[in-house]
Structure formats: structure tokens, C-alpha cells
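# Architecture at a glance
Residue-level listing of the chains:
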Amino acid sequence: SYNVRNARGMDNETDFDRVAKVINDIDAHAIAIQELDSATERSNGLVVLDELAKRTNMHASFNGSIDYKGGKYGNGILTKEKPVSKKGVALPGREEKRSVMIVELEDLVLCCTHLSLTEEDRIASIDIIKQHTEQYDSKPVFLAGDLNARPDSQEIKDLSTSWIMLSDIEDPTFPSDKPNRVIDYILLKPNSQFKHNIIDRKVVEEPMASDHRPLWVELEIEWNK
């Protein structure tokens, strides 16, 4: 998961190559990405996720949360394989509307979101995401993104009752130059059909490419026979 802030780094330079290198170095099968412009004036008409997809040789799936300056602004997912299906679901946000992008691959489902700055909206969003992932009962379902909530918050506690926390809640992700807060997460929906084993997990020490640090989890799934 990576909040890329439109590829604008801590030096206020927009650099698609720099962000793409971070993604390529991680070499993930799928990555949830937040804060993406699509054909806005701010991004000079460029679709930021497509720019990253070209540089990483991955498939791009984008969902706009709001209309913004001639285009859209929202979340996206990059995958090494072509998705089987994808959909965007609107979520509440008082300061700005939010959404979750759900991409189904052959062997897994990845949900990418960037939740509201308002606690009540985040709590409501968790219920909506739960409803829209109930149909995927034969594949591992992951939730990743910038949840704008700390590990000791009520919403993360609520979320942890119906999802398994995979990322390290002791390893801060924001701000990238001197991280002191955990607000980015990767979770797995429990499923009695398989067991999971965390092989490795990490917050990448990348202080410049965005205002968030990326995080990843390597997981092994063992299906029950």
C-alpha cells in the first residue's frame, strides 16, 4: 500500500519515475495506491495511475472519489495480472467524499481505500466495506490503504474484530521524512477455507518520494484440504 500524493515528494517535485522505482523495488503482485489525480488541471491533464502503470508494466484500475479541476481524484490499484473484475464504491466523507476500489484477481481480491478525516465517517465506511466484500468467500480478501486512524482508535479496534491485521502497527508510516504515526494498513479478511502465514512485512525507508512511506506484506496462503 502506498499513498503517493500524486507523485509529489517532500521536495514538492512531481516525479513519476521516482515513485515508480519505489514500486518496482518492492516488486509486489498487487499494490493499493491513494491520492491520485486523473486528467486534472493540477496534473496537467495526465492520469497519474496510468503514468505509474507504464513505468511499472502493471495493469491500472482507478476509481474517482470526487470530481476535481477538470478530472477526477481518488484511489487506484496496480496489478501484475489483468483483473477479473473491478468496482468502485462510494464512502462517506464530510470534508470530501471517499471511496473504496475493489479489484478481483484470479487468486485474490484487493480493496484500496483512503478514509475520511472524520471518525464517524470512518466507522460508517468500515461497515460499507464489509458489506461489499461479503460476496468474495472463495478467495483471500485484502484491505489496504490510508485509513487516517491510529492503531488505538475505536475504528481500528472495530476493524480488527472482523479483519486480521497483517502490517506492523508499531512501525510508523507518516510523515515520510520523520515518521511518528501509523495510519496506513494492510489487513486480511478471515476465511475458514485457508490459513495464512506472514513471511515478511516492512515499511520501506523512503523519506522523499511522497509524504507517506509505502508498506508491504509477503504472505503464504495454505488452503484446507
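These lines cover the structure that appears in this document, whether it is placed above or below. If you're wondering where the values come from, they're calculated on a predicted model, not measured in any experiment.

Rules behind the numbers
Residues numbered from 1 in each chain as written. Predicted model: local features only at pLDDT ≥ 70, side-chain atom pairs only at ≥ 80, totals over all residues. Heavy atoms only, no water. Pairing = 2+ DSSP bridges. Helix = DSSP H or I, 4+ residues; strand = E, 2+ residues; numbered from the N terminus. Contact = heavy atoms within 4.5 Å. Axes fitted to C-alpha atoms, helices over the stretch in contact; angles between N-to-C directions. Parallel < 35°, antiparallel > 145°, perpendicular 65-115°, else oblique. Left-handed = near helix turned anticlockwise from the far one by under 90°. Nonpolar A, V, L, I, M, F, W, Y, C, P; charged D, E, K, R; others polar. Disulfide = S-S within 2.5 Å. Buried < 20%, exposed > 50% of the residue type's maximum accessible area, 1.4 Å probe, protein only.

### Structural notes on the sheet that holds strand 7 (residues 109-114)
An order of 5-6-7-8-10-9 is seen for the six strands of this open sheet, with the pairing classed as mixed. Looking at strand neighbours, the two that pair on one side only are strand 5 (85-91) and strand 9 (164-165), the edges of this open sheet. Lying on the sheet, helix 3 (residues 119-133) is in contact with strand 5, strand 6 (98-104), strand 7 and strand 8 (141-146); it crosses strand 5 at an angle near 155°.

### Some details on the sheet that holds strand 3 (residues 59-68)
Read from one edge to the other, the open sheet built from four strands follows the order 1-2-4-3, with strand pairing classed as mixed. If you trace the sheet from one side to the other, it starts and ends with strand 1 (2-3) and strand 3, each paired once. Pairing geometry for strand 3 and strand 4 (residues 71-79), over nine bridges, is antiparallel. Within the sheet, the bridge partner assigned to Phe62 lies in strand 4 and is Gly76.

### Structural notes on the packing of helix 1 (residues 16-26) against helix 2 (residues 48-56)
At a minimum axis separation of 9 Å, helix 1 and helix 2 run at an interaxial angle of 55°. Between helix 1 and helix 2, the angle is such that the two are oblique. Classified by chirality, the crossing of helix 2 by helix 1 is right-handed. Between helix 1 and helix 2, the contacting residues are Phe16, Asp17, Val19, Ala20, Ile23 and Asn24 on the first element and Val48, Glu51, Leu52, Arg55 and Thr56 on the second. The residue inventory of the contact of helix 1 with helix 2, partitioned by class, reads six nonpolar, two polar and three charged.

### Quick look at the state of the cysteines
Under the counting rule described, the total for this entry stands at zero disulfides. The thiol sulfur of Cys111 is not disulfide-bonded, and the nearest other cysteine sulfur, from Cys112, lies at 9.1 Å. Judged by relative accessible area, Cys111 falls into the buried class, the value being 0%. You can call Cys112 buried: its relative accessible area is 0%.

Structural measurements only, silent on function.
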